[in-house]
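# Topology and contacts: notes
Chain by chain, the residues run as shown.
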Amino acid sequence: MSAVDKSVCTTTGCGKPAQLQCPTCVKLGVEGSYFCSQACFRTSWSTHKSSHEVSNPKSTYDPFPTYRYTGPLRPVYPLSPRRPVPSDIPRPDYADSPDGVSRLEQSYRNAQIEVMTGEKLETMKRVCQLGREVLDAAARAIKVGVTTDEIDRVVHEATIERKAYPSTMNYYSFPKSVCTSVNEVICHGIPDQRKLEDGDIINIDISLFKDGVHTDMNKTYLVGNVDKKYKKLVKTTRECLQKAIDMVKPGVRYRDLGAVIEKHAKANGFSVVRTYCGHGVGRMFHSAPNVPHYAMNKAIGIMKPGHVFTIEPMINQGNFQDQTWRDNWTSVTVDGKRSAQFEHTILVTEDGHEVLTRRLPTSPPSQLDGI
C-alpha cells in the first residue's frame with residue numbers, strides 16, 4: 001500500500017486517521033481509498049475491490065507484473081464493470097451464487113448421459129441457432145484496434161437482445177459474457193482492454209442459456225494479415241473438428257474421437273491439449289459425457305440417439321501442455337506458441353448426427369476458404 005497525506009480510514013466503522021492508500025487505486029486514479037492499517041485494508045477488500053472497476057481509468061496496467069508469462073501476450077487491466085442482465089431474463093442456478101458453483105451440475109456429476117427428445121430437443125435446436133447468431137455478431141466486430149472488452153460488449157448485448165443469459169457470466173466466478181482467447185491462449189481468456197493487433201488469431205467462445213437449456217460453440221478467427229504458419233494451425237484445427245464430427249453416429253464410443261483428432265494434428269506437426277475436453281450440454285452447462293480430444297483416452301460412454309454434446313479440440317503449435325495465469329482462468333501454452341480451437345454442439349440422430357450450431361445463411365464468409 002502507498003503512503004499519502006493524512007485522511008480518515010474508509011473501513012466501515014473505523015474512522016481512524018489514515019496514511020495508506022490502495023496501490024491499485026493509485027494506478028487507476030481512484031481517489032478517497034484511505035486505510036489506517038493493513039488489517040483494515042484486508043477487512044475491507046471484499047467490498048473495496050469493486051472500486052477498481054472504473055469506466056475511464058487513468059491508465060491501463062498488467063495486474064500480474066511478477067508473473068512469468070510464457071509468451072508475449074499480457075493482460076491489460078482494469079476490467080470493465082460486469083455488464084447487467086435484465087431481471088426478466090431467466091438465469092441458471094449459479095448466476096447469483098457468491099462462488100458461481102452450479103449445484104445442479106454437482107448433483108448430477110456421475111449421472112448417465114441425458115437423452116433429449118420432443119419439445120426439449122426442439123428448444124435446444126432453437127437456442128443453438130440463437131447462439132450462432134451471437135457468435136456471428138462477435139465475428140463482425142473483429143478488426144485491428146478493437147479491444148476484447150468491446151467484443152464482450154457486442155456479445156453481451158446480442159445475447160440480451162435474444163432474451164438469453166450469457167452462460168459464462170459468474171460461472172465459477174468468471175467475470176465476463178464471453179471467452180476471448182488470443183494467440184498463445186488456449187481457452188478461457190478474459191476480455192480486457194488489449195487491442196487486437198494485425199496478425200493475431202482470436203478464439204471467441206459463445207455460450208447462451210435460454211428456456212432452460214445452454215448452448216456452447218466457438219471459432220478461431222484471423223485478424224488482419226496472418227502469417228501462413230498460423231493459418232495452417234487454424235485450418236488444421238478446423239479439420240480436426242470436422243473429422244471427429246464425421247464419426248458421430250449411434251454405437252460409436254466417445255473415446256474413439258480423440259484418435260482421429262490427434263492423428264490429423266500430429267500429421268501436420270501439431271499437438272493436442274489434454275487438460276480440457278468436450279462435454280454434454282443442455283439443462284447443464286457441462287455434463288456427461290466427457291469427450292477427450294487425444295488418443296488412448298479412457299472416456300466412458302457410447303453414442304445414442306438424443307445425446308447432445310460438444311467437440312472442441314484445442315490444437316497447439318508446440319508442446320501440448322498448458323498453464324494458467326494468476327486470474328485462475330486464462331489457460332496458455334507452456335512454450336508461448338500459438339493455439340487454436342473450434343467447437344460445435346452435436347446431436348446424435350437415429351442414423352448419424354446433426355450439427356446444431358452450424359453456420360447460418362447469414363453467417364459471415366469463412367476465412368479458411370482458399371487456405
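Conventions we followed
Residues numbered from 1 in each chain as written. Predicted model: local features only at pLDDT ≥ 70, side-chain atom pairs only at ≥ 80, totals over all residues. Heavy atoms only, no water. Helix = DSSP H or I, 4+ residues; strand = E, 2+ residues; numbered from the N terminus. Rg over C-alpha atoms; globule rule 2.2 N^0.38 Å. Buried < 20%, exposed > 50% of the residue type's maximum accessible area, 1.4 Å probe, protein only. Contact = heavy atoms within 4.5 Å. Areas by Shrake-Rupley, 256 points an atom, 1.4 Å probe, with all protein chains shown as cover. Lys, Arg positive; Asp, Glu negative; His and termini not counted. Charge placed at Lys NZ, Arg CZ, Asp CG, Glu CD. Phe/Tyr/Trp six-rings, centres within 6.5 Å; stacked < 30°, edge-to-face > 60°. Pairing = 2+ DSSP bridges. Axes fitted to C-alpha atoms, helices over the stretch in contact; angles between N-to-C directions. Expected span 1.5 Å × (residues − 1). Salt bridge = Lys/Arg side-chain N within 4 Å of Asp/Glu carboxyl O. Core = buried A, V, L, I, M, F, W, Y, C linked by side-chain atoms within 4.5 Å. Parallel < 35°, antiparallel > 145°, perpendicular 65-115°, else oblique. Left-handed = near helix turned anticlockwise from the far one by under 90°.

### Quick look at the overall build of the protein
Within the protein, the regular secondary structure consists of seven helices and 18 strands. On C-alpha atoms alone, the protein measures out to a radius of gyration of 22 Å, which is about the 21 Å that the 2.2 N^0.38 rule sets for 371 residues. Here the C-alpha coordinates of the protein stretch approximately 75 × 45 × 40 Å along the principal axes. Residue burial in the protein is summarised as follows: out of 371 residues, 54% are buried. When contacts within the protein are restricted to residue pairs at least 6 apart in sequence, long-range pairs at least 24 apart make up 69% of them. When the accessible surface of the protein is totalled, it reaches about 16,900 Å², and 49% of it is carbon and sulfur. Where the 48 positive side-chain charges of the protein centre and where its 41 negative ones centre are 4 Å apart.

### Side note on the packing of aromatic side chains
Taken as a whole and judged by the stated rule, the model has 10 aromatic pairs. Note on phenylalanine 35 and phenylalanine 41: the rings are 5.2 Å apart at their centroids and 75° apart in plane angle, and the pair reads as edge-to-face. Like phenylalanine 35, the residue phenylalanine 41 is buried in the burial classification. Between the aromatic rings of tyrosine 67 and tyrosine 69, the centroid separation amounts to 4.8 Å while the plane-to-plane angle is 80°, which identifies the pairing as edge-to-face. Like tyrosine 69, tyrosine 67 is buried. Members of the aromatic cluster, connected to one another through ring pairs, are Tyr94, Tyr171, Tyr172 and Phe285.

### Section: the sheet that holds strand S6 (residues 185-187)
An order of S6-S15-S14 is seen for the three strands of this open sheet, with the pairing classed as antiparallel. Looking at the sheet topology across the chains shown, the edges are occupied by S6 and strand S14 (322-324). Each adjacent strand pair in this sheet contributes to an overall mean axis angle of 45°, direction not counted. When S6 meets strand S15 (residues 331-333), the two strands line up antiparallel, connected through two bridges.

### Considerations on helix H5 (residues 148-161)
Along an α-helix, a turn takes 3.6 residues, which lines up residues three or four apart on a common side. The end-to-end C-alpha distance of H5, which contains 14 residues, comes to 20 Å, matching closely the 20 Å that a straight helix rising 1.5 Å per residue would cover. Here H5 lies mainly inside the structure; 10 of its 14 residues are buried. Along H5, the residues that are buried comprise Thr148, Asp149, Ile151, Asp152, Val154, Val155, His156, Ala158, Thr159 and Ile160. On its buried face, H5 sits against helix H4 (118-141), strand S4 (165-166), strand S5 (179-182) and strand S7 (201-210). The positive-phi residue at the C-terminal boundary of H5 is lysine 163, with phi of around 55°.

### Examining the sheet that holds strand S16 (residues 339-341)
Pairing is antiparallel in the open sheet, where three strands are placed in the order S9-S13-S16. Where the open sheet ends on each side, the last strands, each with one partner, are strand S9 (271-272) and S16. In this structure, strand S13 (residues 314-316) lies alongside S16, joined through three bridges in antiparallel fashion. Following the sheet pairing, asparagine 316 is matched in S16 by serine 339. Those strands touched by helix H6 (residues 228-245) are S13 and S16, and its axis lies near 35° from that of S16.

### Some thoughts on the pattern of salt bridges
Evaluation of the coordinates by the stated rule reveals 21 salt bridges. Between lysine 125 and glutamate 354 there is a salt bridge; the shortest N-O distance is 3.4 Å. Linking lysine 125 in helix H4 with glutamate 354 in strand S18 (residues 353-355), this pair joins segments that are 229 residues apart in sequence. Judged by its relative accessible area of 23%, lysine 125 is partly exposed. Given a relative accessible area of 23%, glutamate 354 falls into the partly exposed group. One network of salt bridges, with partners in common, ties together Arg83, Asp149, Asp152 and Lys176.

### Some points on the nonpolar core
One recurring pattern in soluble globular proteins is that nonpolar side chains are buried together. Judged by nonpolar contacts, the single largest core of 38 residues is most densely connected at Ile142, Ile151, Ile202, Ile204 and Ile206. Among the secondary structure elements, those contributing two or more residues to this core are H4, H5, S5, S7 and strand S8 (213-222). Ignoring anything within four residues of it in the chain, the contact list for isoleucine 151 reads Ala138, Ile142, Val146, Thr180, Leu196, Ile202 and Ile204. Grouped together as the second largest cluster of nonpolar side chains are 31 residues, Val234, Val291, Met303 and Ala340 included.

### Quick notes on the packing of H6 against helix H7 (residues 257-267)
Packing of H6 against H7 brings their axes to within 9 Å, and their N-to-C directions diverge by 150°. Of the possible angle classes, the one that applies to H6 and H7 is roughly antiparallel. Between H6 and H7 lies a crossing whose hand is right-handed. Facing Thr236, Glu239, Cys240, Lys243 and Ala244 of H6, the residues of H7 in contact are Leu257, Val260, Ile261, His264 and Ala265.

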